Amino acid sequence: MAAITRSASRMACISVGSMSSAVCVRKALPIPGRQVQALTAHFRAPPATRGLWATSTTFRARRATVQVCASAVGHPSPVEASGLLEAGHVYLDVRTEGEYAAGHVEGSTNIPVVFMGAGGMSPNPDFGKSVEAAFPDKSTSFLVGCKSGKRSMMAIQQMEALGYTELNNVEQGFDGWVANGLPYTQ
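Counting starts from 1 at the beginning of each chain's written sequence and moves along it residue by residue. A pLDDT threshold of at least 70 governs which residues receive local features in this predicted model, and a stricter bar of 80 or more applies before side-chain atom pairs are shown or counted, although totals over entire chains, interfaces and linings include all residues. Water and hydrogen atoms play no part in the side-chain values, which are based on all heavy atoms of the structure.

**Overview of the environment of glutamate 99**
A run of H or I in DSSP becomes a helix once it reaches four residues, and a run of E becomes a strand once it reaches two; helices and strands are each numbered from the N terminus. Tracing the sequence through the fold places glutamate 99 in helix H3 (residues 97-102). In this structure, the C-alpha to C-alpha distance between glutamate 99 and lysine 147, residues 48 residues apart in sequence, is 8.3 Å. Those residues within four positions of glutamate 99 in sequence are excluded, and the remaining contacts are Lys147 and Arg151. Two N or O atoms count as a polar contact when they lie within 3.5 Å, although within protein this holds only if one can serve as hydrogen donor and the other as acceptor, and sequence-adjacent residues are included solely when both atoms are side-chain atoms. Of the polar contacts made by the side chain of glutamate 99, one reaches the side chain of arginine 151; its length is 2.8 Å. Contact criterion: two residues are considered in contact whenever any of their non-hydrogen atoms come within 4.5 Å of each other.

Below, the structure is given as structure tokens:
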């Protein structure tokens, strides 16, 4: 859905889109860059939190576009996810069994959201049933991770549809976990 509004004092273009549970608003404002940077800083929240944050700012000829997002899904960095894991969150690794066997976060549970085949990735038709069997409590606090972040968002969408509410997509996935020197099992 998109809407364009105009007023005598300024012209603003607002577009609203939805991806998973995030809603983003893009607004073009004719204001100096440093004011937009202050606005961006005002809306930025730590990735592990839910709420508003500015995801991007672009500047063109005294006009700035700021994208502000709101989400019910947390997006912790690998380091933040490590702390949440220590605090009792469950790490759900949605990579393939082969990827998981090659290395994984210690104590994590592996339920692949897709399978790898000769034709590429295909959805795991039993993903939802497997998650519900392993974690019947819908209020379980999850850290959902894959290799880099795409499959974990696919898993989160399915988990939201099943009624799970405490979902966190680990930014950069297992690659980020390893790159940050966090402990893992091979």
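**Comments concerning the sheet that holds strand E11 (residues 166-169)**
On the basis of which strands lie adjacent, the open sheet formed by four strands has the order E7-E6-E10-E11 and parallel pairing. Here the strands that pair on one side only, and so sit at the sheet edges, are strand E7 (109-110) and E11. With four bridges joining them, strand E6 (residues 90-93) and strand E10 (residues 141-145) adopt parallel strand pairing. Bridged to valine 90 within E10 is phenylalanine 142. Each of E6, E10 and E11 touches helix H5 (residues 150-162); the most contacted strand, E11, lies at about 170 degrees to it. Being paired, for any two strands, means DSSP has found at least two bridges between them. The axes are straight lines fitted to the C-alpha atoms, using for helices just the contacting stretch, and the angles between their N-to-C directions are given from 0 to 180°.

**Quick look at H5**
Between its first and last C-alpha atoms H5 spans 19 Å; for 13 residues at 1.5 Å apiece the expected length is 18 Å, and the two agree. Looking only at H5, the buried set comprises Arg151, Ser152, Met153, Ala155, Ile156 and Met159. After H5 finishes, the residue glycine 163 shows a positive phi value of roughly 105 degrees. A helix is expected to span 1.5 Å for every residue after the first. Any residue under 20% of the maximum accessible area for its type is buried, any over 50% is exposed, and the rest in between are partly exposed; the area is computed with a 1.4 Å probe on protein chains only.

**Here's the deal with the pairing of strand E9 (residues 120-123)**
Summarising the sheet, strand E8 (residues 114-117) and E9 pair through four bridges and their orientation is antiparallel. The residue of E9 that forms the bridge with glycine 117 is glycine 120. Between the antiparallel neighbours E8 and E9 lie two residues.

**Here's the deal with the nonpolar core**
Grouped together as the largest cluster of nonpolar side chains are 18 residues, with contacts concentrated most on Leu92, Val94, Phe127, Phe142 and Met159. Sorting the residues of this core by element identifies helix H4 (127-134), E10 and H5 as the ones contributing at least two each. The contact partners of valine 94, leaving out residues within four places of it in the chain, are Asn110, Ile111, Pro112, Val113, Phe127, Val144, Gly145, Cys146, Arg151, Ser152 and Ala155. Counting residues in each nonpolar core, the second largest holds eight residues, with Ala81, Val170, Phe174 and Trp177 among its members. Among buried residues, the Ala, Val, Leu, Ile, Met, Phe, Trp, Tyr and Cys ones that are joined through side-chain atoms within 4.5 Å form a nonpolar core.

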